[in-house]
Amino acid sequence: MWWVLSLSRRGKMSVNPLTRLVWYCHPSPCMSPLSHHLRLPFLPSFSYKYTTPIIIFLSINTLLKELQSGKDSTMAINTNLSFPFLLLSFFFFLLSSLTFSPVVANRDLELCVRQCWVRHKSSPQKVDECLQICEDSYGHIVLNSEVEPEKQLRQCQEQCDRRQQGEQKEQCRRQCQETYERRRGKEEGEGGGGGGEKKDNQQEEEEQQEQNPYVFQDEHFITSQSNEGRVKILQKFHQRSRLLRGLENYRFLSIEANPQTFVLPAHLDAEAVLYVASGRGTISLVREGKRESFNINHGDVVRISTGTTSYIINRDKNKKLRIATLLQPVSLPDEFQAYYGSTGEKPPSFYRAFSPELLSTALKADQDKVQRAIRQQNKGVIVKASEQQIRALSQREESGNPQLKRSKRVFNLLSKEPSISNRYGRLHEVDANEFPQLQDMDVAVAYANITKGAMQGPFFNSRSTKIALVINGEGYMEMACPHVAQQQQQQQQGQQGTIQRYQRISSSLNPGMIFVVPAGHPIIIVSGNNRNLEIACFDVNAENNWREALAGEKNTVNAMEKEAKELAFGIPAREVDEVFGKQNERFFFPGPRGGRPPA
């Protein structure tokens, strides 16, 4: 909590002096930079939680001296009350600062450190520089927990020597020593009884996660939140890794609208494919002054052309409407914008960019009325709608043949017969051959439902890159990647001309996560034991793509001649068939025992 005092300049005051003391409370993000710049020079080791009440104390003291020296009798204050008033004010603000500041500081400090690792994980030097900024901003020492305990102790004590003085420096060094001893004791406790092996496996898994550029989690999204829902925009694919340059001109966003809400009208400078992951609603498209409205349900694929104004309602009374969207920007590579017209302050309307006189002339309307219309809305992108409004918007479909119109604009993926189905899972797919609206974006859409405890693959796509969203359930994936392994070899000294290797890319899968599977990369996806794993996929470069099975019915090895098998594997063909010809299922198979990633 940060308090700012608004004090008048020296001179006469025309109002009661106590009304000139104004307290403003600002959110915590504003607090930390202020406190950093307002540290007192004679208290270098104080954190902001102590400087706040001291600044207030000195400011009140200055104000009282000013008042006592004033000539206006109405401004006089009983000097007998001055010292008690000062003392009470000081302890009140000291107590409030001690109560609230550590909580806010720790929360903001953790966020600062987390962002350092997300943004600069590929550059240890930049991580250290970023952590230094966190230390300077929040007055706390930040250490890298991944280094050895002895090195961490030295770093901590060195920072104490630089930052603290006298008794506080000794206290800081003692805290470093205590932290070091706790960490050493914890590691020694884990070292016995096979704990060391478990720790090594955990560390290896964490390293694999750090080296995995193909998985995106919450911290990789920018979220716009309102009381009635949220819009999440994924960072640019190629910003995560140069290995994703093939997706340079694609972006991903998701919409989550609460029951009976309205998503404000907007147009995008990007081509869009929508997949309704859950819920039911109504979408309206306005183009060249004509409107098309139709209901959407779970499993619907919707194609929206760039520049088309669209708005959506969630017509369900209980369930949220969740929509996943793949975008292909047209104005700037990998950049897109949502243009809101019929809005006001939040989000701002693009109409406000025009001069009021020019805009009122174009609309042939009173200038005050125009300004009121484009400044009134301030509730965010998603707003609550009344039941009557929802009912009216749900029923307002255009006249004409609804079946014909729906077949043109919307395709329900789940109403189509599965491409592959057995008791271990099912796969629904649609491409431009069945839904021509997808042709110009060269995209296919798929939905996979993997039975709990079962698995999908191994397989690979010949040409397309898969952008997959986990809708429901939990599980994990493993993928063979030559590019990450090649990068690691190039980083090692003297590793030129090495043979090609494959890195195992693995990750747990949870709702809301995104993972990318490049063309040619073999992958296996495993569902957990608690419930089915549901995944929605956008396949980029879908034209002339096929899916190649690496196990089960119709797998690649089974199609080879006897001689080819013997030459390829170096063992008799009979033994090859005993390995690759035993699985009779197709694409979906029984999963490993336990349904968990191998140690």
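Before any of the text, the structure's been laid out above.
Predicted, not measured: the structure shown is a model, and the values here were computed from it.

Calculation criteria
Per chain, residue numbering runs from 1 following the sequence as it is written. Since the coordinates come from a predicted model, pLDDT governs what is reported: local features require at least 70, and pairs of side-chain atoms require 80 or more to be given and counted, while whole-chain, interface and lining totals use all residues. As a convention, hydrogens and water are excluded, and side-chain values are obtained from all of the structure's heavy atoms. Numbering goes from the N terminus for both helices and strands, where a helix is a DSSP run of H or I of at least four residues and a strand is a run of E of at least two. Here the term buried applies to any residue with accessible area under 20% of the maximum for its type, exposed to any over 50%, and partly exposed to those in between, with areas from a 1.4 Å probe on protein chains only. Here, nonpolar core means buried Ala, Val, Leu, Ile, Met, Phe, Trp, Tyr and Cys residues that are tied together by side-chain atoms lying within 4.5 Å of each other. Any two strands between which DSSP finds at least two bridges are classified as paired. Residues qualify for a patch when their relative accessible area is over 30% and they have no salt bridge, like charges being joined within 9 Å and the nonpolar side chains of Val, Leu, Ile, Met, Phe, Trp and Tyr within 5 Å. Per-residue and other accessible areas were derived by the Shrake-Rupley procedure at a 1.4 Å probe size, with only the shown protein chains allowed to occlude residues. We define a salt bridge as a contact between a side-chain nitrogen of Lys or Arg and a carboxyl oxygen of Asp or Glu at a distance within 4 Å. Note on method: axes are straight lines fitted to C-alpha atoms, helices fitted across the in-contact stretch only, with angles between N-to-C directions ranging 0 to 180 degrees.

**Details of the environment of Val430**
Right, on to step 1. Looking at the secondary structure, you find Val430 in strand β18 (residues 425-430).
Right, on to step 2. Look at Val430 and you get buried, because its relative accessible area is 2%.
Right, on to step 3. Taking the C-alpha atoms as reference points, Val430 and Leu414, 16 residues apart in sequence, are found 10.0 Å from one another.

**Considering the nonpolar core**
Right, on to step 1. Phe237, Tyr275 and Phe515 are the most contacted members of the largest nonpolar core, which totals 59 residues.
Right, on to step 2. Among the nonpolar cores identified, the runner-up in size contains 32 residues, and Phe262, Leu285, Ile313 and Leu327 belong to it.

**Description of the sheet that holds strand β3 (residues 215-216)**
Right, on to step 1. Taking strand neighbours across the sheet as the criterion, the seven strands line up as β3-β24-β21-β26-β19-β18-β17 in an open arrangement whose pairing is antiparallel. The strands lining the two open edges of the sheet, one partner per strand, are β3 and β17 (420-422).
Right, on to step 2. As paired elements, β18 and strand β19 (residues 443-450) share six bridges and run antiparallel to each other. Note on β19: the bridge partner recorded for His428 is Tyr447.

**Description of a nonpolar patch on the surface**
Right, on to step 1. On the surface, Tyr339, Phe350, Tyr351, Phe354 and Leu358 cluster together into a nonpolar patch covering about 460 Å² of accessible area.
Right, on to step 2. Tracing the backbone shows Tyr339 in strand β14 (residues 338-339).

**Some thoughts on the sheet that holds strand β5 (residues 229-234)**
Sheet strands pair via backbone hydrogen bonds, and the direction of the pair is either parallel or antiparallel.
Right, on to step 1. The strand order across the open sheet formed by seven strands is β4-β5-β6-β13-β8-β11-β16, and the pairing between neighbours is antiparallel. Each edge of the open sheet carries a strand with a single partner, namely β4 (221-226) and β16 (410-412). Sheet twist, expressed as the mean angle between neighbouring strand axes with direction ignored, is 15°.
Right, on to step 2. Bridge analysis of strand β8 (residues 270-278) against strand β11 (residues 300-304) gives four bridges, and the strand direction is antiparallel. Of the residues in β11, the one forming a bridge with Leu274 is Val302.

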